[in-house]
Each structure stands twice: as structure tokens, then as C-alpha cells.
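For reference, the chains in residue letters:
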Amino acid sequence: MDKPLPFSTRDSTSSTAQTQSPIVLSVAGSDSGGGAGIQADIKAISATGSYACTVITALTAQNTCGVSAVLPVAQDFIKAQFDAVFTDIAVDVVKIGMLGDAATIRTVAEALRQYPVKQIVLDPVMVATSGDLLLEKAAISSLITELLPMATVVTPNIAEALALLSLDPEQKINTESQSLALCRDLLALGCQSVLVKGGHQDTPLSCDYWLSEQRQQIFSSPRIDTPNTHGTGCTLSSAIASFLAQGHSLTAAIELAKQYITQAIRHGKQLHIGNGSGPVEHFFAQKNYD
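Conventions we followed
- Residues numbered from 1 in each chain as written.
- Predicted model: local features only at pLDDT ≥ 70, side-chain atom pairs only at ≥ 80, totals over all residues.
- Heavy atoms only, no water.
- Salt bridge = Lys/Arg side-chain N within 4 Å of Asp/Glu carboxyl O.
- Helix = DSSP H or I, 4+ residues; strand = E, 2+ residues; numbered from the N terminus.
- Pairing = 2+ DSSP bridges.
- Right-handed = clockwise from strand over helix to strand, strands pointing away.
- Phe/Tyr/Trp six-rings, centres within 6.5 Å; stacked < 30°, edge-to-face > 60°.
- Buried < 20%, exposed > 50% of the residue type's maximum accessible area, 1.4 Å probe, protein only.
- Contact = heavy atoms within 4.5 Å.
- Core = buried A, V, L, I, M, F, W, Y, C linked by side-chain atoms within 4.5 Å.
- pLDDT = per-residue confidence, 0-100.
- Axes fitted to C-alpha atoms, helices over the stretch in contact; angles between N-to-C directions.
- Parallel < 35°, antiparallel > 145°, perpendicular 65-115°, else oblique.
- Left-handed = near helix turned anticlockwise from the far one by under 90°.
- Nonpolar A, V, L, I, M, F, W, Y, C, P; charged D, E, K, R; others polar.

Trainee: Even after reading the chapter, I still don't get the pattern of salt bridges, so can you show me in this structure?
Mentor: Side chains bearing opposite charge may pair, as long as their charged atoms lie close to each other. Evaluated as defined, the whole model comprises six salt bridges. Between K79 and D83 there is a salt bridge; the shortest N-O distance is 2.7 Å. Residue K79 and its partner D83 are located together in helix α3 (residues 75-86), separated by four residues, close to a single helical turn.

Shown next as C-alpha cells:
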């Protein structure tokens with residue numbers, strides 16, 4: 001088994017590192033089971049060496065088996081959270097996850113126009129690992145028009161990519177050419193770059209496909225056989241945001257985040273939490289594993 005990497009990429013002994021922390025704001029829903037959403041974001045951002053602050057968009061009654069209830073947060077309170085954070089804290093990168101509905105999408109977009117940041121990682125969360133719907137279908141067009149143009153990178157899985165493009169959700173996307181075609185179609189919607197995640201593909205390697213107007217790159221890792229994959233998308237996108245906040249280029253941030261999530265999934269095989277799809281091990285580097 002590979003030795004875990006120490007995922008803080010900053011020099012903690014320097015005076016600059018002691019006085020200035022890379023800061024990521026996560027805008028997402030809360031997962032009461034702790035495996036995904038805001039909870040996974042805070043864990044991933046912290047484990048990779050950055051400081052996490054949050055805007056909570058919804059509360060979910062959720063565990064490893066599924067989502068039993070969703071309570072949207074009032075729009076004025078979502079805005080109040082943005083105001084509280086940005087009037088006091090120098091945010092480097094914003095990561096966006098679960099938004100739930102069109103009204104929340106509009107509120108988030110308006111707040112980000114008021115408080116612009118250089119880089120935004122947009123994870124278009126639509127369906128939980130359990131299969132439960134986390135974004136109203138009617139809100140997809142609002143997500144495309146309001147937030148995709150702001151995004152430095154959009155990180156859908158295959159199902160989310162198909163939904164954004166209004167394509168058949170049963171369509172099988174298993175090849176490099178098919179995956180890159182999805183990336184090109186998503187890029188045409190107006191974002192700066194796209195990372196289509198291939199974790200659910202039926203392929204020997206787990207490959208994520210990144211495309212911008214100028215470049216493309218494939219990030220691959222061994223596919224790990226485990227039921228504990230709850231929150232993998234939240235974790236990967238948060239890790240990308242964390243490494244961006246530390247000053248890495250986008251492709252370097254994706255590469256580091258890919259290494260991080262691969263080890264988190266690998267070590268998560270040893271966890272026994274709940275009776276369904278369990279979480280990954282966010283803090284593998286801080287624990288002793290054989």
C-alpha cells in the first residue's frame with residue numbers, strides 16, 4: 001500500500017504561512033451523517049492544509065443509506081452568511097456544492113457578483129450517492145446561466161454531465177473519446193474549464209477528464225473496489241479548491257486532489273460507519289495505517 005502523502009503543501013515554518021492561511025469558502029448543504037456536503041468539505045479542506053469557512057444552503061437529514069428530508073435555508077439567511085464571511089475574512093477560493101433550487105442559485109450568484117473571487121470550483125451536485133435528488137430538475141437551467149459562466153472549473157460526474165446537457169441519463173459513457181466529447185459540450189455552456197469525473201465508469205482505471213479552450217489532460221488512478229464512496233465528489237472538489245487557495249495551478253491542484261481522494265478512498269475501505277455507502281477516510285495522513 002502506498003505511503004500516505006503529507007497533504008499540506010505549504011511550508012508551515014515560514015513566517016508567511018504562520019500569519020496567512022489559504023482560505024476556502026464552501027457553499028453547500030449539510031449532511032447529518034457527516035460523509036458528504038459541508039462536513040466532507042471542511043474535512044477535506046482542513047486535511048489538505050487550508051482553512052474552511054462555510055455558507056450552508058440546506059439542511060439534510062441524511063445517513064449512509066440515504067436522504068430522508070431536506071430543509072432549504074431561507075434566502076435572506078444565505079445572503080447573511082455571505083455578508084458575515086466576506087466582510088471579515090479574505091476568501092481565496094469559493095467551492096460550490098449542493099444548492100437545491102433556482103432561488104438559492106440566484107442568491108449565490110448575486111452574492112458572488114457582490115463579493116467576487118478569483119477562482120470558483122463548481123461541483124454541480126444533483127443526486128446523492130444513495131440516488132436521492134439534491135437539485136430540482138427545473139433549477140438546472142438556472143445553474144447553467146447563473147453560475148457556470150463564473151466557474152474556473154466545473155466538476156460533474158457522468159450522470160451530472162448528461163443532466164446538464166439534457167442528454168439521455170441511461171447513455172453509457174465509458175471511453176476517452178466519449179468523455180472528452182462531454183467535456184467539449186459542457187465547455188460550450190460558458191465555463192472556463194470542465195473536469196468530468198469517471199468514478200462511475202466501467203473501466204479498469206478511474207479517469208477524470210479535464211478540458212479548457214487551450215488544453216486537455218486526463219488524470220487516472222487505480223480503481224478501488226469499496227462500498228465506501230459517500231462524499232467522494234464533495235471531497236475531490238473541495239481538495240481542488242484547497243490546493244488552488246495554496247497557489248497551485250489548476251492542473252496541479254487537480255493532480256494533487258486526485259492523489260488525495262484516491263488515498264482517502266483506499267483507506268476508507270477500513271472504515272465501518274453506518275449500514276450503507278460509508279464515507280472516505282479524509283484524515284488518513286494523520287492516522288497510522290499499515
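Trainee: Just checking my understanding: could you explain the pairing of strand β2 (residues 51-63) for this structure?
Mentor: Each regular strand shows side chains that alternate between the opposite faces of the sheet. Bridge count between strand β1 (residues 23-31) and β2: eight bridges; the pairing is parallel. Counterpart to S30 in the pairing with β2 is L59. With helix α2 (residues 37-47) bridging β1 and its parallel neighbour β2, the resulting β-α-β unit is right-handed. Relative to strand β3 (residues 66-72), β2 runs antiparallel, the two being bridged by six bridges.

Trainee: Sorry, what's going on with the packing of aromatic side chains here?
Mentor: Going through the model one piece at a time under the given rule, you end up with three aromatic pairs. Centroid distance F82 to F86: 6.3 Å. Interplanar angle 10°. Geometry classified as stacked. Of the two residues, F82 and F86 both sit in helix α3, four residues apart, roughly one turn of that helix. Given a relative accessible area of 16%, F86 falls into the buried group. Considering the side-chain rings of Y260 and F284, the 5.5 Å spacing of their centres and the 35° angle between planes classify their relative orientation as tilted.

Trainee: Help me out: how do you make sense of the pairing of strand β7 (residues 193-197) in this one?
Mentor: The buried count for β7 comes to five of five residues, which makes it a mostly enclosed element. Relative to strand β8 (residues 205-212), β7 is paired through five bridges, and the arrangement is antiparallel. Directly across from S193, in β8, lies its bridge partner S212.

Trainee: Would you mind going over the side chain of K258 with me for this structure?
Mentor: Relative to the helices and strands, K258 resides in helix α9 (residues 250-268). In this view, K258 contacts S206, C207, D208, F219, S220, S221 and L236; residues no more than four positions away in its chain are not counted.

Trainee: I would appreciate a short explanation of the nonpolar core in the present structure.
Mentor: The nonpolar side chains of a soluble globular protein tend to be buried, and buried together. Formed by 51 residues in total, the largest nonpolar core has its most connected members in L25, F82, V94, I96, L143 and L147. The element best represented in this core is helix α4 (residues 102-114), accounting for six residues. Setting aside residues no more than four positions away along its own chain, V94 makes contact with L25, V27, F86, L112, V117, Q119, I120 and V121.

Trainee: What am I meant to see in the confidence of the model for the chain here?
Mentor: Detailed conclusions should not be drawn from predicted coordinates in areas where pLDDT is low. Here the chain averages 90 in pLDDT, while 90% of its residues score no lower than 70. Scored below 50 in pLDDT, residues 11-18 makes five contacts in the model with residues more than four places away or belonging to other chains.

Trainee: Honestly, the packing of helix α8 (residues 232-245) against α9 in this entry has me stumped. Any pointers?
Mentor: Two quantities define a packed helix pair, namely the angle between the helix axes and the distance between the axes. Axis separation between α8 and α9 bottoms out at 8 Å; the angle between their running directions is 140°. Judged by the angle between their axes, α8 and α9 are oblique. The handedness of the crossing between α8 and α9 is right-handed. For the pair α8 and α9, the contacting residues are T232, T235, L236, A239, I240, F243 and L244 in the first and L250, A253, I254, L256, A257, K258, Y260, I261 and I265 in the second. Of the residues in the contact of α8 with α9, the class split is 13 nonpolar, two polar and one charged.

Trainee: Which parts of the structure should I look at to understand unusual backbone geometry?
Mentor: As a rule of thumb, non-glycine residues mostly have phi less than zero, and peptide bonds are mostly trans rather than cis. One non-glycine residue, S166, adopts positive backbone phi at about 55°. Secondary-structure assignment places S166 in the loop between α6 (158-164) and α7 (176-187). A relative accessible area of 66% places S166 in the exposed class.

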